Amino acid sequence: MQPVRSSGRWKMFGVLAVCAAPLVASYFTYYVLKPAARNNYGALIDPRSYPIPRLASTTLDGRPEGLGAYRGKWIMLKVGGGACPDACRKQLFTMRQERLMQGKEMDRIERVWLITDNEPIDTMLIREYDGMHMLHADAQAVARWLPADSGTTAGDHIYLIDPLGNLMMRFPAEPDTRKMYKDIAKLLKASAIG
């Protein structure tokens, strides 16, 4: 009689082990074996930590206009002074090219440059980047809002804001244009809005 009862217990433990194995394996892989590879090139930003503040921004001719004016579109955002040295010009060029590379989807993207000082903008630069929204904004408000990699400033990065107005991605300084293109293309494909 004793060997039959022992055999039944082992069968019951075996069934429980088989049922619990997927749950144990999922916890183990989630909490212990964290994946090292990422699918995105740009750094994801938690929008709850960086809500878009009221920047009291204005157009070059002094009309009030904020980032909310472009709600419903993806926004590639760059910040910096109006003198726009070579690194700034390279960012503006990258933003223009990234938008053009999206082909038929490019109309879903707006380019915005938040100018954080009162330096005059070169007229040729304005003409060269026609279609880019250039807004004056308070340098301190922008610096408090935008997160940057250690050792860099917000002016070293290009940011991405989703159509709902959430800051959601930061690209590295001097980004790889192919990798940046892939990130933006994936977002546009996956997004039903904007």
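Residues numbered from 1 in each chain as written. Predicted model: local features only at pLDDT ≥ 70, side-chain atom pairs only at ≥ 80, totals over all residues. Heavy atoms only, no water.

In the nomenclature of an unreviewed UniProt entry, the protein is known as Cytochrome C oxidase subunit I of Massilia agilis.

K.L.:
Could you give an account of the state of the cysteines, naming the residues involved and the relevant values?
P.N.:
Note: disulfide means a covalent bond formed between the sulfur atoms of two cysteine side chains. Evaluation of the coordinates by the stated rule reveals 1 disulfide. With a sulfur-sulfur separation of 1.9 Å, C84 is cross-linked through a disulfide to C88. The sign of the -90 degrees torsion about the S-S bond sets the C84-C88 disulfide as left-handed. For the pair C84 and C88, one class covers both residues: buried. (Disulfide = S-S within 2.5 Å. Buried < 20%, exposed > 50% of the residue type's maximum accessible area, 1.4 Å probe, protein only.)

K.L.:
I'd like a description of the sheet that holds strand β7 (residues 167-171), backed by residues and values.
P.N.:
Strand order in the open sheet made by the 7 strands is β1-β7-β6-β3-β4-β5-β2, with mixed pairing throughout. Single-partner strands in this sheet number two, and they are β1 (43-44) and β2 (58-59). Of the strand pairs in this sheet, strand β6 (residues 158-161) and β7 are connected by 4 bridges, and their pairing is antiparallel. Its bridge partner lying in β7, I161 is registered against L167. (Pairing = 2+ DSSP bridges. Helix = DSSP H or I, 4+ residues; strand = E, 2+ residues; numbered from the N terminus.)

K.L.:
Go over a positive patch on the surface, please, and point to the residues and values.
P.N.:
Together, R178, K179, K182 and K186 make up a positively charged patch on the protein surface. Assignment of secondary structure puts K179 in helix α5 (residues 177-190). (Patch = residues over 30% accessible without salt bridge, like charges linked within 9 Å, V, L, I, M, F, W, Y side chains within 5 Å. Areas by Shrake-Rupley, 256 points an atom, 1.4 Å probe, with all protein chains shown as cover. Salt bridge = Lys/Arg side-chain N within 4 Å of Asp/Glu carboxyl O. Lys, Arg positive; Asp, Glu negative; His and termini not counted. Charge placed at Lys NZ, Arg CZ, Asp CG, Glu CD.)

K.L.:
Explain the pairing of strand β5 (residues 133-136) residue by residue, including any values.
P.N.:
Alignment of β2 against β5, held across 2 bridges, turns out to be antiparallel. In the strand pairing of β5, T58 is matched with H136. Pairing analysis gives 4 bridges linking strand β4 (residues 109-115) to β5, with the strands arranged parallel. Residue pairing for β5: W113 is matched across the bridge by M134. In this fold, the crossover linking β4 to β5 by way of helix α3 (residues 123-128) has right-handed handedness. (Right-handed = clockwise from strand over helix to strand, strands pointing away.)

K.L.:
Describe the packing of aromatic side chains, naming the residues involved and giving the relevant values.
P.N.:
Enumeration according to the criterion identifies 1 aromatic pair in this entry. Centroid distance W10 to F13: 6.3 Å. Interplanar angle 70 degrees. Geometry classified as edge-to-face. On the criterion of helical spacing, the pair formed by W10 and F13 is a turn pair, its members being 3 residues apart in helix α1 (residues 2-31). Overall, the relative accessible area of 65% leaves W10 in the exposed class. When its relative accessible area of 48% is taken as the criterion, F13 is described as partly exposed. (Phe/Tyr/Trp six-rings, centres within 6.5 Å; stacked < 30°, edge-to-face > 60°.)

K.L.:
Explain the side chain of R108 residue by residue, including any values.
P.N.:
Within the fold, R108 resides in the loop between α2 (86-101) and β4. For R108, a relative accessible area of 16% translates into the label buried. Engagement of the side chain of R108 in a polar contact is seen with the backbone oxygen of L188, the distance being 2.9 Å. (Polar contact = N/O pair within 3.5 Å; in protein donor to acceptor, adjacent residues only side chain to side chain.)

K.L.:
An account of the nonpolar core is needed here, citing residue identities and associated values.
P.N.:
In terms of nonpolar packing, the biggest core is built from 23 residues, with M76, L92, W113, L160 and I184 touching the most fellow members. Elements with a minimum of two residues in this core: β3 (74-80), α2, β4, β6, β7 and α5. No other element matches α5, which puts 4 residues into this core. The residues touching M76, leaving out its near neighbours within four places in the chain, are M95, E98, R99, I109, E110, R111, V112, I158, Y159, L160, M180 and I184. Residues Y70, V79, L135 and V142 belong to the second largest nonpolar core, which totals 19 residues. (Core = buried A, V, L, I, M, F, W, Y, C linked by side-chain atoms within 4.5 Å. Contact = heavy atoms within 4.5 Å.)

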